[in-house]
Amino acid sequence: MRIVDCLTNAHNLALVALAALICVLGSWITVSLLKRVRSTRTGTRAAWVFLGSVAGGATVWCTHFVAMIAYEPGVQVTYEPGLTGLSLFVAICGCGAALLMASLRFNGSALVGGLVFGLTVAGMHFIGMAAFAVDAVIHWSTPYVVASVIGSVLFGAAAFKAEKLSTTARNSWLAVVLMVLGIVILHFTAMSAMTILPFVPQDGVLTGDDARQAIAIGVAGVGLLVLGAGAASYALDTQSRSQAEIRLQHLIEGGVDGMAVERDGVIVGANSALLKLVGVERPALLGQKLSRWVEDVARLADGDMVQSSLTTAEGEVLPIELAAKRDHASEGEVMIYAVRDLRARQAQERRIAHLARNDSLTGLPNRASFLERLTRQTDTIKPGATLALFALDLNRFKEVNDLYGHAVGDQLLCRISDHLREVLHEGEFIARQGGDEFVAMAEVSSRAEAEAVAKRLRAAIIRPVTIEHADLACGASIGVSLWPEDADNLSTLINNADLAMYRAKASLTQDICFYEADMDQAVRARRRVTQALREAMDNQRFELHYQVQASVQTGKATGYEVLLRWKDEDGRYIPPSDFIPVAEETGLILPIGEWVLRQACKQAAGWAEPHKIAVNLSPVQLGHVDLPRLVQQVLQETGLDATRLELEITETAMISDMERTTHVLRQLKDLGVTIAMDDFGTGYSSLSTLRAFPFDKIKLDRSFMIELDGDLPQSQAIIRAVLTIGESLSIPVLAEGVETAEQLAFLRAQGCNEVQGYLLGRPQPEADALSNGAAVVASLSDAQPAEVRAAA
Ligand code: C2E
Ligand code: CA
Ligand code: CA
């Protein structure tokens, strides 16, 4: 009642309202400046403390002074200027001390600051009152005084604490209210504590209501100006700060990586990349700690970068790279965090690692990982145990590729790989070696078990599959070698499995073969031959022999067949039947055949007599070389007349690709070269071959001569038939392998055109063959069947 009575009866309410306005405005500005002081760590803090202390001091002092002027105690009022000035000084200094305390970093700093503030308000009030009470005797009520000081201190501390707990300037209204209450409560409680006993009134300087009010408004005006200056600088600073923040937000928004800005440990900015990564909206992130989602944030210093993890709003844990950077340009503890999602990079790394170890088409392990595994397995194998190595090769895969195209071939490989993977048992391993070759390994206890594994793998390979409406099935050739039985090192082990596989490929009856030392000797021998052939090419160990061909009618030499000879290091001749097939398999026949052609033409071009030469062509040459061009070039080079060159080809060359071969043969024939069909009668469709191309000569295979000796009526009939065909197609027939006079007599009787064979002459070096050729006439006329000679 005393306080209410004091306020309503002893005060000019209009001026009280003015004091209240100053108090509210000033408190709001002081709280804002307090917030600014606390968030500032740099040199500008002193400036903010100064501004805060002036604003706070002005608030407290002006509120007091205007309220005092509003006070109408019923006596003449005067003010002692010294003490009045001191009260202002105390207000400003006390506020400065309070702000400084509150901004220090220790526990309870806000409470201590608030306490200082409360004491300042009280101190200022009582000093001000001392200046006031010059012309009267003032009686103070101790309980009221104590209560006023306690209230001031409590509210001051509460205001400062509330300010600290509020996160932004906007929600610090509670602090403003508490501060206002602190000031107001102190003022009016302290005023109630006082009873004034007037002396005889004196003539004061400041008397009269009008003057008092003018002073009150003046003081309030100055106070408001001070506060306005504080508020303006605060607003300007806030604006430039928020602009800096907008700029920063703008900058981080452009980043592909997630970015967050933390000020004093809470997020004040984040880009949409981070929001997306975490899976929350911006408001859910702002004001929080980044460490709530991202691990390791707390232990990161300026410039650090670590691999860490992020837990999304949905609880998913993502691998990330986290970098921290301190923003030295900003005031306060501003950290910028960059959060990079590592999922894509890790997936890429896994993919590269996978590619390095796996076949890209089928996804099976590749040769490299197979070798690694094989090394490990053979190293760690238990004594007495056996490791079986399987070399798998698809049969007829090339056919699928040729017939249906590579895309289908690839699909087939993938399907077969899937099948293989499916049938694999625990501990077994399969890899794609390349092309249509696979390798597998399995630990087995016996040969029979290894065979069972091989059968299982075979079944997986030959299982028919349907791709693009085509039913496809490949065969399998599987070679098996056993560790440690079949080899003492890994490369031999692999090699031996391969050898066994080649044998399976060549076999008509077996498609699973185990490595056996002796059987695979043949394959080794073949490899040796290949190597030796290469060396023979390089060292010019080839020679040409010539075998005479003669007319049955005239007995004269008509030409010479060119036959290749290989002289080994000991000077022995290796027969062509031993090396031509190998040369054909390895493709070495191409350079060898070219050499034969060139060499034969060169030699024949130098002969005195223009005899023909007959050069054998391999089917491989027909298939792989632009023969018409080569022949033309060689003829040009050597100057041999085209009509003197005859090319012998066998039926096998024709049937593999009839259309292309006949086309090539026609081009050759256009050059003026003649074409002979070699080994006629040994193929299975000789007649259709004859129909396909107009051959210039038929060479009757020498097997018929051998059979002729057996006096079989059938062979006589066949020879007669062939001669008749030749006659009706007007193609001359040459009989090969004529060794006896009887054979010659029969052929002559049947109207055979030409003969070739040991009877007339063996294949011989150039010079011998030519001189022998000249003597053929004699030998032919001499040759009489045995019975004729006997009769003579
Ligand atoms: P071919 O073309 O049928 O050659 C005839 C073969 O029969 C030659 O064997 C020849 O020595 C042999 N011969 C000739 N007259 C008689 C005879 O009265 N009795 C017997 N038993 N054999 C006779 P050679 O020289 O061993 O050649 C074997 C095969 O090697 C040739 O069979 C031919 O297919 C191939 N050949 C030889 N030289 C070349 C060549 O330069 N290029 C190609 N691609 N193949 C060649
Ligand atoms: Ca021949
Ligand atoms: Ca022949």
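Reading the values: the criteria
Residues numbered from 1 in each chain as written. Chains lettered and ligands numbered in written order. Predicted model: local features only at pLDDT ≥ 70, side-chain atom pairs only at ≥ 80, totals over all residues. Heavy atoms only, no water. Helix = DSSP H or I, 4+ residues; strand = E, 2+ residues; numbered from the N terminus. Rg over C-alpha atoms; globule rule 2.2 N^0.38 Å. Buried < 20%, exposed > 50% of the residue type's maximum accessible area, 1.4 Å probe, protein only. Contact = heavy atoms within 4.5 Å. Areas by Shrake-Rupley, 256 points an atom, 1.4 Å probe, with all protein chains shown as cover. Lys, Arg positive; Asp, Glu negative; His and termini not counted. Charge placed at Lys NZ, Arg CZ, Asp CG, Glu CD. Donors = N, O, S within 2.8 Å, 3.2 Å for Na, K, Ca; no water. Pairing = 2+ DSSP bridges. Axes fitted to C-alpha atoms, helices over the stretch in contact; angles between N-to-C directions. pLDDT = per-residue confidence, 0-100. Polar contact = N/O pair within 3.5 Å; in protein donor to acceptor, adjacent residues only side chain to side chain.

1. Considering the overall build of the chain
Here is step 1: Within the chain, the regular secondary structure consists of 30 helices and 24 strands.
Here is step 2: A compact globule built from 792 residues should have a C-alpha radius of gyration of about 28 Å, whereas the chain, at 57 Å, is more than 25% larger.
Here is step 3: The buried share of the chain, taken over its 792 residues, is 46%.
Here is step 4: Restricting to contacts in the chain with at least 6 residues of sequence separation, those with at least 24 account for 67%.
Here is step 5: Entry remark: accessible area of the chain is about 38200 Å², with carbon and sulfur atoms responsible for 57%.
Here is step 6: Each charge class in the chain was averaged separately, 69 positive and 90 negative side chains, and the resulting centres sit 5 Å apart.

2. Focus: the coordination of the calcium ion (ligand 3)
Each donor-metal-donor angle would ideally measure 109.5 degrees in four-coordinate tetrahedral geometry, or 90 or 180 degrees in six-coordinate octahedral geometry.
Here is step 1: Distances from the calcium ion (ligand 3) to its protein donors, D678 (OD), D679 (OD), E736 (OE) and E736 (OE), fall at 2.1 to 2.5 Å.
Here is step 2: A separation of 3.9 Å is found between the calcium ion (ligand 3) and the calcium ion (ligand 2), both of which receive a donor from D678.

3. Here's the deal with unusual backbone geometry
Here is step 1: W483 connects to P484 through a cis peptide bond whose omega is 5°.
Here is step 2: Residues other than glycine seldom take positive phi values, yet E468 does so here, at roughly 50°.
Here is step 3: Structurally, the position occupied by E468 is in the loop between strand 11 (465–467) and strand 12 (470–472).
Here is step 4: Note on E468: relative accessible area 57%, which makes it exposed.
Here is step 5: A positive phi angle, near 55°, is found at S730, a position not held by glycine.

4. Considerations on the sheet that holds strand 7 (residues 334–341)
Here is step 1: The strand order across the open sheet built from 5 strands is 4-3-7-6-5, with neighbouring strands paired in antiparallel fashion. Lying at the two open borders of the sheet, with one neighbouring strand each, are strand 4 (266–270) and strand 5 (305–311). Direction aside, the axes of adjacent strands within the sheet are offset by 35° on average.
Here is step 2: Sheet topology note: the strand 6 (residues 317–326)/strand 7 ladder contains 7 bridges and is antiparallel. Bridge pairing links E321 to R340 in strand 7.
Here is step 3: In the packing of helix 11 (residues 343–357) onto the sheet, contacts are made with strand 5, strand 6 and strand 7, and the angle to strand 6 comes to roughly 120°.

5. Topic: the confidence of the model for the chain
Here is step 1: When pLDDT is averaged along the chain, the result is 86; 92% of the residues meet or exceed 70.
Here is step 2: Of the regions scoring below 50 in pLDDT, residues 201–206 engages in 6 contacts with residues more than four places distant in sequence or in other chains.
Here is step 3: Throughout residues 787–792 the model reports pLDDT below 50, and contacts reaching past four residues in sequence, or to other chains, amount to 3 contacts.

6. Notes on the coordination of the calcium ion (ligand 2)
Here is step 1: Taken together, the protein donors to the calcium ion (ligand 2) comprise E561 (OE), N616 (OD1), E648 (OE) and D678 (OD), at separations of 2.1 to 2.3 Å.
Here is step 2: With a relative accessible area of 28%, N616 lands in the partly exposed category.

7. Comments concerning the side chain of T650
Here is step 1: Structurally, the position occupied by T650 is in the loop between strand 19 (645–649) and helix 22 (651–656).
Here is step 2: What makes T650 buried here is its relative accessible area of 18%.
Here is step 3: There is a polar contact of 2.9 Å between the side chain of T650 and the side chain of T652.
Here is step 4: Excluding residues that lie within four positions of it along the chain, T650 makes contacts with P619, D678 and D679.

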